[in-house]
Amino acid sequence: MPTPPKKRRRQKEERPSARKKSSNSISGKEFNYVLQLTAEDAMLLNRYRDVLAQGAAGFAETTYNYLFDNPDIADVMYAYERQGGNIGELVRGQLEHHLGLLAGDVDETATARSEEMGRCNYRWGVKPVWSLGSYRLYLDHLRHLVATEPAIKPEDRDGVESALTKMIFRDLAITNEAYWRAAVEQLTDQRDEIGFEQDLAVELLSNIPQHLWTVDIESNRISFASPGARAFCGDKLEAPIPCFFRIHGSERERVLTAWQQVIDGESIQLEVRVTQSEGSERWFRMAFYPIANRRGRVLRVHCLMEDVTDLHTDRERLEQLSTQDEITGLANRALWYDRLASALAVARRNPGSSVAVMILDINQFKMYNDSLGHHAGDELLRQISRRLQKVLRDTDTLARLGGDEFGIVLPMLQDAERAVERVAGQVMNTLSAPFSYEEKELCLSSAIGISIFPQHGDDAHTLASHADSAMYRAKWNAAPYLFYESEESAASATEHLQFSGQLHGALEREEFELHYQPKIDLFSGKICGAEALLRWQHPQEGLVLPKRFIPVAEQLGMISPITDWVLDTALEQSKQWPASNGVPMPISVNVSARSFQSHGLVARIEQALKKAGLNGKSLEIEITEGTLMADLDEGARILNSLSDLGVSIAIDDFGTGYSSLSYLKRLPIDTLKIDQSFLEGMARNPKDAAIVRSIIELGHNLGCKVIAEGVEAESVRRQLKELGCDLVQGFHISKPLPEKGFREWLSHVAH
């Protein structure tokens, strides 16, 4: 049956080698001559055509069975049917073709019909050997008719059989010839298409900037090289890396090491300098991609070289911009921190060595910058940086940290304090001389804060923060420079200045509020308490956390009234929450170090309980290990007094303090709180998990409950439960909520 032609990926005009089938048709004359087909043969077949056509239906059934008895032929038939073909029609079409042979036609029209049948066989995958079987069946069928059909005269039987044999051989020969011609034409077209695509590939590879080549590992030869690679390296390409000796000498070893890694099966990319033919040097990215067999043995490597000089230059520029201050050309904050970290790493390897950190702020800079303009400010910064560089060693690092703030790192110091004082004096001296801008004299002074490793911190950020704090304290006290004092509060001098005035009257203005975070029993899942957390609703900054303003409040002597307000408010609000068995939910209140040490704390707590109409069991006081250990005897007295009131005692951040456990048995402690820092690494660090397990076991042995704070993942909650922890709190349960939101949360959980 005729089938639609296959779609081509390209138009014919794109492939000059494509040919028309009609110009290469089969001629039947040669077949007629070889088989000696005569007019007498045609006459005999025409005479008995109707007789020989008898039994066509039976032969059709025989042919159908033949097709499906052979599994290979059956697969082709099923595929034909799946693509929309009708097998019955196919068999009928074949039968009609075979019956057409009985006419004895041997002209070119009959030849064309036989040729089309052969091409159809090729298109549908019908092998010539399968056609041979079909022809054999047909010939057997016809011979039987010739031998047995009485309508055929005995004297004509041999002639009819001979004519039939010739016609069947003719048709079989033409269909097979057509089959193989179709196969050759397709192969030729495929070859032409491959050649066309190869031409396109060569054209493409000739115009891309990358140089490509492939190395055959077995022979250590280059099996393919793009035109660009040949033009760049020359036609004589030496394996495995062409132009190897044009690679910068200091980088050849790196390339050879990379190649060995490639041979081991690893893809590698690296950037190297390569000398051009004219002598200039440019940066190239080299990439090697190994291809291995199933056993992992590398058979060949695809290689690429690409000029990345512009990219490399841009990257260097970006790196410079990311580490250099644009105005002064000094190191910026990021590079300064990196140099500080490096100096600390060196000092740790050299016992007795110190590192000093200096933060310097220019007092009058803002005035000049605002009055004379930013251009004047920029010029002033450049003059300051040049003067500072002159008083520092080459090994020191000077950076502009932002605005009018400079940072200095002094590495590898022995007598650190004396060395830093000398540098601070030189800095003050060099800045004391007037600066000039457009014939104006500008006078400056500075405030310097200093911290020293290891006395004031062990890491870069801590030391920088402490130096910054000391600098603000120097400005506050109008001192030229000050060292960090380890007992100074964590609040910076900036916040001290900002909050000291605003804290006064904050209580009267009702700017404080409490947020509550629930505590959950790990085994029952019930809520067993909440921690009251103080927040300041600052009129400009919004919600401010206590770690920023409590130290200021302690310094200003305001911590006691704030603590009293927290106690009164927390106890009063907790009465409004759902009670368990008629008992109000216990509330936990943090007491700062200064408040814990203040006179009359126990009396104020007792008064707050009476005011709220609650007993001591409704309240838990949380203090840190450091607060307690500051004066253990006085702390023991306070805790015993609170315990007499029925108030529970919790040690906050347990495990991060003094590591002395002897006090635990002397004190009425009810709860140990595991610090969040141990939970964060518990899943991946066996030591953290061991510490948590030890705290839990210690607490239980002493009759204390153990609570883990800062639980932020279900996996941590499950692990704590497996370790036997009693209670948890943290964002995984609920974040701290305002009182109204907390009541709604409680109501939701209850339902």
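Everything numeric here is computed off the predicted structure, so don't read it as measured data. Throughout, a residue's number is its position along its own chain's written sequence, starting from 1. For this predicted model, a pLDDT threshold of at least 70 governs which residues receive local features, and a threshold of 80 or more governs which side-chain atom pairs are given and counted, while totals over whole chains, interfaces and linings are taken from all residues. Values shown for side chains rest on all heavy atoms present in the structure; no hydrogens or waters enter the calculation.

Engineer: It is not clear to me how the overall build of the protein chain should be interpreted in this structure. Could you clarify?
Structural biologist: Numbered from the N terminus, helices here are DSSP runs of H or I no shorter than four residues, and strands are runs of E no shorter than two. Across its full length, the protein chain carries 28 helices and 22 strands. Partly exposed residues are those whose accessible area sits between 20% and 50% of the maximum for their type, while under 20% is buried and over 50% is exposed, using a 1.4 Å probe and protein chains only. Put simply, the protein chain has 751 residues, and 46% of those count as buried. Restricting the contact set of the protein chain to residue pairs at least 6 apart, pairs at least 24 apart contribute 65%. Surface summary for the protein chain: the accessible area is close to 39,400 Å², and the carbon and sulfur share equals 51%. We call two residues in contact when some of their heavy atoms are within 4.5 Å. Throughout, the Shrake-Rupley method with a 1.4 Å probe supplies accessible areas, and for residues the shown protein chains are the sole cover considered.

Engineer: Could you clarify how one ought to interpret the state of the cysteines in this entry?
Structural biologist: Think of a disulfide as a covalent bridge from one cysteine sulfur atom to another cysteine sulfur atom. Working definition: a disulfide is two cysteine sulfur atoms within 2.5 Å of each other. Here the structure, examined in full by the defined rule, presents one disulfide. One disulfide bridge connects Cys233 with Cys243, the sulfur atoms lying 2.4 Å from each other. Of the two residues, Cys233 sits in helix α10 (residues 227–233) while Cys243 sits in the loop between α10 and α11 (252–263), which places them 10 residues apart along the sequence. Note on accessibility: Cys233 and Cys243 belong to one class, buried.

Engineer: Looking at this model, I keep getting lost on unusual backbone geometry. Mind explaining?
Structural biologist: Leaving glycine aside, a negative phi is the common case for residues, and trans is the common case for peptide bonds. For the bond from Ala239 to Pro240, the omega torsion is -5 degrees, close enough to zero to count as cis. Within the secondary structure, Pro240 is located in the loop between α10 and α11. Backbone torsion omega between Phe453 and Pro454 reads 5 degrees, so that peptide bond is classified as cis. The phi dihedral of Asn220 falls on the positive side, at around 55 degrees, and the residue is not glycine. With respect to the secondary-structure elements, Asn220 resides in the loop between β1 (211–216) and β2 (221–225). The phi angle at Glu438 is positive, at roughly 50 degrees, despite the residue not being glycine. With respect to the secondary-structure elements, Glu438 resides in the loop between β9 (435–437) and β10 (440–442).

Engineer: What's the story with the pattern of salt bridges in this structure? I'm lost.
Structural biologist: Once their charged atoms are close, side chains differing in charge can pair, the charge on each being opposite to the other. Any Lys or Arg side-chain nitrogen located within 4 Å of an Asp or Glu carboxyl oxygen qualifies as a salt bridge. Evaluated as defined, the whole model comprises 36 salt bridges. Among the ionic pairs, Asp325 bridges to Arg400, the shortest N-O distance being 2.9 Å. Here Asp325 is found in the loop between α12 (309–323) and α13 (333–348), whereas its partner Arg400 is found in strand β7 (residues 397–402), with 75 residues between them in sequence. The exposure class assigned to Arg400 is buried, which follows from its relative accessible area of 13%. One salt-bridge network, in which partners are shared between bridges, spans Lys519, Glu531, Glu620, Glu622, Lys673 and Glu709.

Engineer: Help me out: how do you make sense of the packing of aromatic side chains in this one?
Structural biologist: We describe a pair of aromatic rings using the distance from one ring centre to the other and the angle between the two ring planes. Any two rings among Phe, Tyr and Trp, with Trp reduced to its six-membered ring, count as a pair given centres within 6.5 Å; such a pair is stacked if its planes are under 30 degrees apart, edge-to-face if over 60, and tilted if neither. For the structure on display, the rule yields 15 aromatic pairs. When the ring of Phe512 is compared with that of Phe549, the centres are 5.8 Å apart and the planes differ by 35 degrees; the resulting orientation is tilted. One end of the pair, Phe512, is in strand β13 (residues 512–521); the other, Phe549, is in helix α19 (residues 546–555), and 37 residues separate them in sequence. By the burial criterion, Phe512 is buried, and Phe549 matches it. Seen from their ring centres, Phe512 and Trp565 are 6.2 Å apart, and the 45 degrees between their planes marks the pair as tilted.

Engineer: Is there a simple way to explain the sheet that holds strand β6 (residues 354–362) in this structure?
Structural biologist: The strands that make up a sheet are held in pairs by hydrogen bonds between backbone atoms, and each pair lies either parallel or antiparallel. The pairing criterion is simple: DSSP has to find at least two bridges between the two strands. The strand order across the open sheet formed by five strands is β7-β8-β6-β11-β12, and the pairing between neighbours is mixed. The two strands at the open ends of the sheet, each matched to only one other strand, are β7 and β12 (481–483). Geometrically, the sheet is characterised by an average inter-axis angle of 20 degrees between neighbouring strands, direction not taken into account. When strand β11 (residues 446–453) meets β12, the two strands line up parallel, connected through three bridges. The residue bridging Ile450 from the neighbouring strand is Phe483, located in β12. To obtain an axis, a line is fitted to C-alpha atoms, over the contacting stretch when the element is a helix, and the angle between two such axes runs from 0 to 180 degrees between their N-to-C directions.

Engineer: Where do I start with the pairing of strand β20 (residues 705–709) in this structure?
Structural biologist: Working note: regular strand, side chains alternate between the two faces of the sheet. Along β20, four of the five residues are buried, which leaves the element largely enclosed by surrounding structure. Where strand β19 (residues 671–674) lies against β20, four bridges are found, and the strand directions are parallel. Counterpart to Leu672 in the pairing with β20 is Val706. Bridge count for β20 against strand β21 (residues 727–729) is three bridges, and the pairing is parallel. Looking at the pairing, Ile707 lines up with Leu727 of β21. The parallel pair β20 and β21, bridged by helix α27 (residues 714–723), forms a crossover whose chirality is right-handed. Seen with the strands pointing away from the viewer, any crossover whose path from the first strand over the helix to the second strand runs clockwise is right-handed.

Engineer: Would you mind showing me how to read the sheet that holds β1 here?
Structural biologist: With respect to topology, five strands assemble into an open sheet ordered β2-β1-β5-β4-β3, the strand pairing being antiparallel. This sheet does not close on itself; its edge strands, each paired only once, are β2 and β3 (268–275). Going across the sheet, the axis of each strand differs from the next one's by a mean of 30 degrees, ignoring polarity. In terms of strand pairing, β1 meets β2 through four bridges, oriented antiparallel. Its bridge partner being in β2, Val215 is matched across the sheet by Ile222. Running over the sheet, α11 touches β1, β3, β4 (281–292) and β5 (298–307) and is turned about 150 degrees from β3.

Engineer: Just checking my understanding: could you explain the side chain of Arg170 for this structure?
Structural biologist: Mapped onto the secondary structure, Arg170 falls in helix α9 (residues 154–207). The sign given to each residue is positive for Lys and Arg and negative for Asp and Glu; His and the chain ends receive no count. This buried residue, Arg170, is left without a salt bridge; Glu108 holds the nearest opposite charge, at 5.7 Å.

Engineer: Help me understand the environment of Ala593 in this model?
Structural biologist: Within the fold, Ala593 resides in helix α21 (residues 593–597). For Ala593, a relative accessible area of 29% corresponds to the partly exposed category. Ignoring anything within four residues of it in the chain, the contact list for Ala593 reads Glu554 and Thr627.

Engineer: Explanation requested: the nonpolar core in the structure shown.
Structural biologist: Across soluble globular proteins, nonpolar side chains show a tendency to be buried alongside one another. Residues Leu619, Ile621 and Leu720 are the most contacted members of the largest nonpolar core, which totals 74 residues. In contact with Leu720, not counting residues within four places along its chain, are Leu522, Leu679, Met682, Val692, Ala708, Val711, Cys725 and Val728. To qualify as a nonpolar core, a set must consist of buried Ala, Val, Leu, Ile, Met, Phe, Trp, Tyr and Cys residues joined through side-chain atoms within 4.5 Å. Judged by nonpolar contacts, the second largest core, of 35 residues, contains Met77, Val126, Trp130 and Leu172.

Engineer: Just to check I follow, could you spell out the packing of helix α14 (residues 365–372) against helix α15 (residues 374–390) for this structure?
Structural biologist: In a packed pair of helices, the relevant descriptors are the angle between the two axes and the axis-to-axis distance. Look at α14 against α15: their axes get within 6 Å of each other, and the N-to-C directions meet at 140 degrees. In this view, α14 runs oblique relative to α15, as classed from their interaxial angle. Along the contact surface, α14 presents Phe365, Tyr368, Asn369 and Leu372, while α15 presents His374, Ala376, Gly377, Leu380 and Leu381. In the contact of α14 with α15, the residues fall into six nonpolar, three polar and no charged. Angular relationships are summarised with four words: roughly parallel below 35 degrees, roughly antiparallel beyond 145, roughly perpendicular across 65 to 115, and oblique for the angles in between. Only Asp, Glu, Lys and Arg are considered charged, only Ala, Val, Leu, Ile, Met, Phe, Trp, Tyr, Cys and Pro nonpolar, and every remaining residue, Gly among them, polar.

Engineer: In this structure, what is going on with the confidence of the model for the protein chain? I would like to understand it.
Structural biologist: Low pLDDT means the predicted coordinates in that region are not meant to be read closely. With 89% of its residues at a pLDDT of 70 or more, the protein chain shows a mean pLDDT of 84. Looking at any residue, its pLDDT shows the predictor's confidence there, from 0 to 100. When the criterion is pLDDT under 50, residues 1–22 qualifies, and its contacts beyond four places in sequence or with other chains add up to 35 contacts. Within the model, the stretch residues 487–491 combines pLDDT values under 50 with nine contacts to residues more than four positions away or in other chains.

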